[in-house]
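A structural walkthrough
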Amino acid sequence: DLGLNFYSESCPRAEEIVKEQVTKLYQKHGNTAVSWVRNLFHDCMVKSCDASVLLDTTSRIVSEKKSQRSFGMRNFKYINTIKEALERECPMTVSCADIVALSAREAIVMLGGPYIAGMKTGRRDSRESHISVVDDFIPNHNDTISLVLSRFQSVGIDVEGTVALLGAHSVGRVHCLNIVGRLYPNVDPTLDPEYSEYLKRRCPSPQPDPQAVQYARNDRETPMVLDNMYYKNLRTQRGLLLVDQQLVSDPNTSPFVEKMASDNAYFHHQFSRALLLLSENNPLTGDQGEIRKDCRFVNTQ
Ligand code: HEM
Ligand SMILES: [Ca+2]
Ligand SMILES: [Ca+2]
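Keep in mind that this is a model prediction, so the values were computed, not measured.

The next subject is the overall build of the protein. Helix and strand counts for the protein stand at twelve helices and two strands. From first element to last, N terminus to C terminus, the protein shows the α and β order α-α-α-α-α-α-α-β-α-β-α-α-α-α. For the protein, whose C-alpha radius of gyration is 19 Å, the value lies close to the compact-globule estimate of 19 Å for 301 residues. Each principal axis of the C-alpha distribution contributes one length, and for the protein these read about 55 × 40 × 35 Å. Counting across all 301 residues of the protein, residues that qualify as buried make up 44%.

A separate point is the nonpolar core. With 66 residues, the main nonpolar core has I99, V100, A107, L165 and V257 as its most contacted residues. Ranked by residue count, the leading element in this core is helix α4 (residues 96–110), at ten residues. Among all residues touching A107, those that are not within four sequence positions of it are V22, A33, W36 and V37. Core analysis: the next-biggest nonpolar cluster, separate from the first, contains nine residues, V174, I179, C203 and L240 among them.

A separate point is helix α6 (residues 145–153). Inspection of α6 places I145, V148 and F152 among the buried residues, and these make up the whole buried set. End-on view of α6: buried residues confined to an arc of 60°, all on one side of the axis. Exposed side chains of α6 directed beyond 90 degrees from the buried face belong to S146, L147 and S150. Tucked into the core, α6 has its buried residues touching α7 (159–165) and α10 (242–249).

The subject of this paragraph is the site of ligand 1. F41, G72, A168, G172 and H175 are the nearest of the 24 residues found near ligand 1. Secondary structure elements with two or more residues in the shell around ligand 1: α2 (31–44) and β1 (173–175). Among the elements that take part in the shell around ligand 1, α2 stands out by supplying five residues, more than any other. Here the residues of the shell around ligand 1 are counted per class, giving 13 nonpolar, eight polar and three charged.

Here, UniProt's "site: Transition state stabilizer" (unreviewed entry) annotation points to R38. Excluding residues within four positions of it along the chain, R38 makes contact with M73 and G172.

A separate point is the UniProt feature "binding site: substrate" (unreviewed entry) in the protein. Look at the UniProt record and you will see "binding site: substrate" (unreviewed entry) annotated at P139. You can see P139 is positioned in the loop between α5 (134–137) and α6. The class of P139 is buried, set by 20 C-beta atoms lying within 10 Å. What P139 contacts, discounting residues up to four positions off in sequence, is L147, V148, R151 and V243.

This brings us to the packing of α2 against α4. Running from N to C, α2 and α4 point in directions that differ by 140°, and their axes come no closer than 8 Å. Relative to α4, α2 is oriented oblique. Remark: the crossing between α2 and α4 carries left-handed chirality. Side by side, α2 and α4 meet where A33, W36, V37, N39, L40 and D43 of the first sit next to V100, A101, S103, A104, A107, I108 and M110 of the second. Each residue belonging to the contact of α2 with α4 can be placed in one class, and the counts come to ten nonpolar, two polar and one charged.

Before going further, it helps to spend a moment on the packing of helix α1 (residues 14–28) against α4. Relative to each other, α1 and α4 sit at 50°, their axes nearing to 9 Å. Relative to α4, the element α1 lies oblique. Remark: the crossing between α1 and α4 carries right-handed chirality. Residue-level inspection shows E15, V18, K19, V22, T23 and Y26 of α1 in contact with α4, the latter providing I99, L102, S103, E106, A107 and M110. Counted by class, the contact of α1 with α4 contains seven nonpolar, two polar and three charged residues.

Conventions adopted
- Residues numbered from 1 in each chain as written.
- Chains lettered and ligands numbered in written order.
- Predicted model: local features only at pLDDT ≥ 70, side-chain atom pairs only at ≥ 80, totals over all residues.
- Helix = DSSP H or I, 4+ residues; strand = E, 2+ residues; numbered from the N terminus.
- Rg over C-alpha atoms; globule rule 2.2 N^0.38 Å.
- Buried ≥ 20, exposed ≤ 12 C-beta atoms within 10 Å, placed from the backbone.
- Core = buried A, V, L, I, M, F, W, Y, C linked by C-beta atoms within 7 Å.
- Contact = placed C-beta atoms within 7 Å.
- Arc of directions from axis to C-beta.
- Near = placed C-beta within 6 Å.
- Nonpolar A, V, L, I, M, F, W, Y, C, P; charged D, E, K, R; others polar.
- UniProt positions renumbered as here; feature names shortened; annotations may be inferred.
- Axes fitted to C-alpha atoms, helices over the stretch in contact; angles between N-to-C directions.
- Parallel < 35°, antiparallel > 145°, perpendicular 65-115°, else oblique.
- Left-handed = near helix turned anticlockwise from the far one by under 90°.

Okay, here's the thing in structure tokens:
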């Protein structure tokens, strides 16, 4: 099973090393922290917190990064930086799946979010990619709220927790590809008009070139702070994705949006609770899976 401070004997400084590396990376490239938060969602939601999302494509494996749902994910190369620091201290000991979890915990602090107490470790790494089922677990940007809620419910996260987790969209960016459906041919009438003008300036073409890096920030006010500005934006019709905006129009979720918009501490509390649950979804433990040497590849192909 997972446990608190699983590496206390095998690698006592493991959690400290992750913290040091996440801090250094954040100082050089602030958006690495944003990536670590998204990584946890994309790994843990898809079957298990097993670092399946980190595998690269090889002759035997099709990477989950190839999925349309993973569009825009970035900074994977810096996971290797964290892993290398751990390998220098304790070779073949700390799993990539625990790096995903611990780096997210530290990143949330860097971004002004809550410190998530009680995060367990001891996850082991998958020997396979789950590319064929990514779409069954990760919702699309324009899915209905009932589908989104059922996906989170299937990993034990309730409505309040789901509303809190979507608050991760208080940081980072969205590429135009995921936005233009709300702008062209007609502007979604639920969008604030001043906001849709801004979005059209950011995304001037209905068919964005997928190679061009055209995007809008999730939260224009505090783009690098994991705060409740996201919910305030939803209240003023400035939700970026359809899934975001639906949180205020649906009667099951809107009361939580209201509470989170007016109380940042409550948002942080719910975010911690839900993220902890997500971080413990169906891990490989004991002698299941393996401890990868390189997070991009299984040990023996
Ligand atoms: C219904 C659930 C969700 C959907 C449909 C969704 C969808 C998306 C989409 C489409 C993007 C923009 C990708 C791009 O164009 O570059 C995005 C970005 C992001 N998502 Fe989500 N997301 C969901 C839930 C979550 C959760 C639960 C978290 C974390 C707890 C999360 C964290 C992030 C972060 C941090 C970014 C910004 C990434 C960056 O700037 O590099 N998302 N999400
Ligand atoms: Ca996974
Ligand atoms: Ca923010």
